[in-house]
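# Summary of the model geometry
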Protein chains: 2
Amino acid sequence: MKAEDYKILNSEYLFNRPWLTVRKDRLQLPSGQVNEEYYVLEYPDWINVVAITKEGLFVMEQQYRHGLGQVGIEICAGVIEKGETPLQAAQRELLEETGYSGGTWSEEMVLCANPSTTNNLSHSFLAVGVEKTAGQHLDRTEVIEPILMTADQVRELLVNDKVKQALMAAPLWKYFSTHGLL
Amino acid sequence: MKAEDYKILNSEYLFNRPWLTVRKDRLQLPSGQVNEEYYVLEYPDWINVVAITKEGLFVMEQQYRHGLGQVGIEICAGVIEKGETPLQAAQRELLEETGYSGGTWSEEMVLCANPSTTNNLSHSFLAVGVEKTAGQHLDRTEVIEPILMTADQVRELLVNDKVKQALMAAPLWKYFSTHGLL
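Conventions and cut-offs
Residues numbered from 1 in each chain as written. Chains lettered and ligands numbered in written order. Predicted model: local features only at pLDDT ≥ 70, side-chain atom pairs only at ≥ 80, totals over all residues. Helix = DSSP H or I, 4+ residues; strand = E, 2+ residues; numbered from the N terminus. Buried ≥ 20, exposed ≤ 12 C-beta atoms within 10 Å, placed from the backbone. Pairing = 2+ DSSP bridges. Least-squares fit on C-alpha atoms with pLDDT ≥ 70 in both. Contact = placed C-beta atoms within 7 Å. Axes fitted to C-alpha atoms, helices over the stretch in contact; angles between N-to-C directions. pLDDT = per-residue confidence, 0-100. Nonpolar A, V, L, I, M, F, W, Y, C, P; charged D, E, K, R; others polar.

### A short note on the overall build of chain A
What chain A contains, in helices and strands, is 3 helices and 10 strands. The linear arrangement of helices and strands in chain A, starting from the amino end, is β-β-β-β-β-β-α-β-β-β-β-α-α. Summarising its shape, the C-alpha atoms of chain A cover approximately 60 × 40 × 30 Å along the three principal directions. Sorting the 182 residues of chain A into buried and exposed places 40% on the buried side.

Take a look at the structure:
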């Protein structure tokens, strides 16, 4: 099976707004059959951060998420701006959303929310030894409440599916399992 | 922070097709400020399945995913049809996409692709001891190649981020970590 055997016969943008870009492709399959409406949601790449303070506490965020209509506990996440590396975006977002910075950073994994419907990747970072160095600097419509939690508290959230976003649950499962914390 | 403090002032459907439903809300924040365009992608709930044969092999799938434009290795996944329970949908999808059925089923986790932009949940099942009992029954535009893999092969994919879809990576990380396979 090869990606090259799938051919875009026609492509048009149905919608192009800062928070929603919808492309509609006519896609020819290897068999010659045509999928007349294949929708792709285009986004810039994203980042998120498993951030742990010098004291060993996890920097989590409480935030209302309107898709599910629920307040949830998350890790810091955001969009990579033009000209930024994934690491720069992750460090900027953590500072803006929580006021934490510094520490030792590494890229933990690169996943995708949905390879069939979205065209972007999400880079997950691990930041160990961060410190509070500033206040929050949020966008106009952002409401984010940073919360420090122990590893036990985060594990409890994780095993009970309370970290609902799969792009955040996966790096937390990886971190907890590879650090003997389960 | 409470979900009830966020109020939908106005809601309209911009797009309503079988594979893409876009809702646009005007959302009032607790501060009284209004987010004039909050887009929610509406989907039915989804399922996926970590399926393991009687011989201990993982039932994986090779499939082209047009969002990323890549052929990837995945676990079985699909949509819950009207009137189905998540378990019924998972068993139907595994049978249709791979021809495997039977075994012992349990719900491993319930996540969301993106709680801020999507309104649906994804139920992950674990099916242990499945057997090949039928051929594939695919939809007209589906091209899926089932592949049996050892735990070592799947772990190799997982730790190298080759299972790109976060909704599939998370239950695999959970399975491998809680079964001492990492």
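Don't stop here, the text continues.
### Some words on the pairing of strand β3 (residues 34-41) of chain B
Residue and element names in this part refer to chain B. Sheet topology note: the strand β2 (residues 20-28)/β3 ladder contains 6 bridges and is antiparallel. Within the sheet, the bridge partner assigned to valine 22 lies in β3 and is leucine 41. Counting the residues in the hairpin turn of β2 and β3 gives 5 residues, including glycine 32, whose phi is positive at 100°.

### Re the relation of the copies chain A and chain B
There are two copies of the chain, and a rotation about an axis plus a shift along that axis relates them. Note on the copies: chain A fits chain B at an RMSD of 0.0 Å, the axial shift is 0.0 Å, and the rotation between them is 180°. Accordingly, the operation relating the two chain copies is best matched by a two-fold axis. When C-alpha positions in chain A are compared against the rotation axis, the closest is assigned to alanine 170 of chain A, at 2.1 Å. Comparing interface residues between copies, 98% of those in chain A also lie at the interface in chain B; the contact surface is shared.

### Thoughts on the sheet that holds strand β2 (residues 20-28) of chain A
Residues and elements named next belong to chain A. On the basis of which strands lie adjacent, the open sheet formed by 3 strands has the order β1-β2-β3 and antiparallel pairing. Across the chains shown, the open sheet's two edge strands, defined by having one partner strand only, are β1 (7-17) and β3 (34-41). Each adjacent strand pair in this sheet contributes to an overall mean axis angle of 20°, direction not counted.

### Structural notes on the confidence of the model for chain A
Here chain A averages 96 in pLDDT, while 100% of its residues score no lower than 70. Here the predicted complex scores 0.96 on pTM and 0.96 on ipTM.

### Quick notes on the interface of chain A and chain B
Listed by partner, the interface residues are 56 residues for chain A and 56 residues for chain B. Looking at the side of chain A that touches chain B, the elements that each hand over two or more residues are β1, β2, β3, β5 (58-65), β6 (70-79), β8 (104-111) and α3 (166-178) of chain A. A per-element tally of the side of chain A that touches chain B places α3 of chain A first, with 8 residues. The residue makeup of the side of chain A that touches chain B, split by class, is 29 nonpolar, 17 polar and 10 charged.

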